[in-house]
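Report on the structure
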Amino acid sequence: MTTKDPAPPESRVPLLVPPPPRWAVRAAHVAAWSTVPSGVWRVALVLGVPVGVMEREEFLAAFPDNSPLIGLVYVLLIGAVAEAASYLTLGLVRPWGEVVPRWIPFLGGRPVDRRLAVLAASLGALAVTVLWWVLFFGGLLTSPSPDAGISAGEAVFVATYAPLLLWGPLLAAVTWSYHRRHKACARL
């Protein structure tokens, strides 16, 4: 009598891939959480909490009929997209970065193409680095300020958006670790 392996061969995680280093796991978690503070700040703004940099009415003026509902949906959608994108960093240090989870239609149980994962993560790291370092904070640091100092609201704003500066470099470092682990496995 033969024993039947319950998992098809394509769903097994390759045993030769070494586990991620502890620093990469920590970096992936920091990258995944880096988008949360700015999302909370945006939701607070739409809900009318005084955030000091911009008033709710000033923000809502950009939407048709100054609609708080459209503003809230917009903010929640932006937050959900950023959270989902940053959460994908964890796939580079978790088993679902090796084999697609079974619950995903058509792809579940198949191995993740390491080259495609590295390419997508590298492009993502480049995109969020350019987005936050160059476009956003570059403009913030070079814009003229009417005041010589910084207000409490501006300090809160910078504190909630500053973690986004970590996202791109940390994603790049975790991607490099993923690439090195899988390249070593491919040589064996």
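Look above for the structure.
If you're wondering where the values come from, they're calculated on a predicted model, not measured in any experiment.

What follows concerns the packing of aromatic side chains. Inspection of the entire model under this criterion finds five aromatic pairs. Summarising the aromatic geometry, the rings of W41 and Y161 are spaced 5.8 Å apart at their centres and angled 80° between planes, so their arrangement reads as edge-to-face. In this pair, W41 sits in helix α2 (residues 36-47) while Y161 sits in helix α6 (residues 152-161), placing the two residues 120 residues apart along the sequence. Each of the two residues, W41 as well as Y161, counts as buried. Seen from their ring centres, W132 and Y161 are 6.0 Å apart, and the 55° between their planes marks the pair as tilted. A residue pair is termed long-range when its members are at least 10 positions apart, and W132 in helix α5 (residues 114-142) and Y161 in helix α6 qualify at 29 residues. In this structure Y161 comes out as buried when scored by relative accessible area, which is 6%. Through pairs of rings, three or more aromatic residues link up here, namely W41, W132, F157 and Y161.

Another point: the packing of α2 against α6. In contact at an axis separation of 7 Å, α2 and α6 are set at 135° when each is read in the N-to-C sense. Classified by the angle their axes make, α2 and α6 are oblique. The residues of α6 that touch α2, namely those facing P37, S38, W41 and R42, are V156, F157, T160 and Y161. Each residue belonging to the contact of α2 with α6 can be placed in one class, and the counts come to five nonpolar, two polar and one charged.

Counting residues in each nonpolar core, the largest one holds 32 residues, and the members touching the most others are F59, W132 and W167. The leading source of residues in this core is helix α7 (residues 164-187), at seven residues. Apart from the residues within four sequence positions on either side, W167 is in contact with A31, S34, T35, A82, A85, S86, T89, V128 and W132.

Overall, the coordinates contain two salt bridges when judged by the stated rule. We note a salt bridge from R181 to E98, for which the minimum N-O separation is 3.9 Å. Of the two residues, R181 sits in helix α7 while E98 sits in the loop between α4 (68-87) and α5, which places them 83 residues apart along the sequence. With respect to burial, R181 and E98 carry one shared label: buried.

Relative to the helices and strands, L47 resides in helix α2. Sequence-distant contacts of L47, that is, excluding residues within four places in its chain, are made with R56 and L72.

Cut-offs used in this document
- Residues numbered from 1 in each chain as written.
- Predicted model: local features only at pLDDT ≥ 70, side-chain atom pairs only at ≥ 80, totals over all residues.
- Heavy atoms only, no water.
- Phe/Tyr/Trp six-rings, centres within 6.5 Å; stacked < 30°, edge-to-face > 60°.
- Helix = DSSP H or I, 4+ residues; strand = E, 2+ residues; numbered from the N terminus.
- Buried < 20%, exposed > 50% of the residue type's maximum accessible area, 1.4 Å probe, protein only.
- Axes fitted to C-alpha atoms, helices over the stretch in contact; angles between N-to-C directions.
- Parallel < 35°, antiparallel > 145°, perpendicular 65-115°, else oblique.
- Contact = heavy atoms within 4.5 Å.
- Nonpolar A, V, L, I, M, F, W, Y, C, P; charged D, E, K, R; others polar.
- Core = buried A, V, L, I, M, F, W, Y, C linked by side-chain atoms within 4.5 Å.
- Salt bridge = Lys/Arg side-chain N within 4 Å of Asp/Glu carboxyl O.

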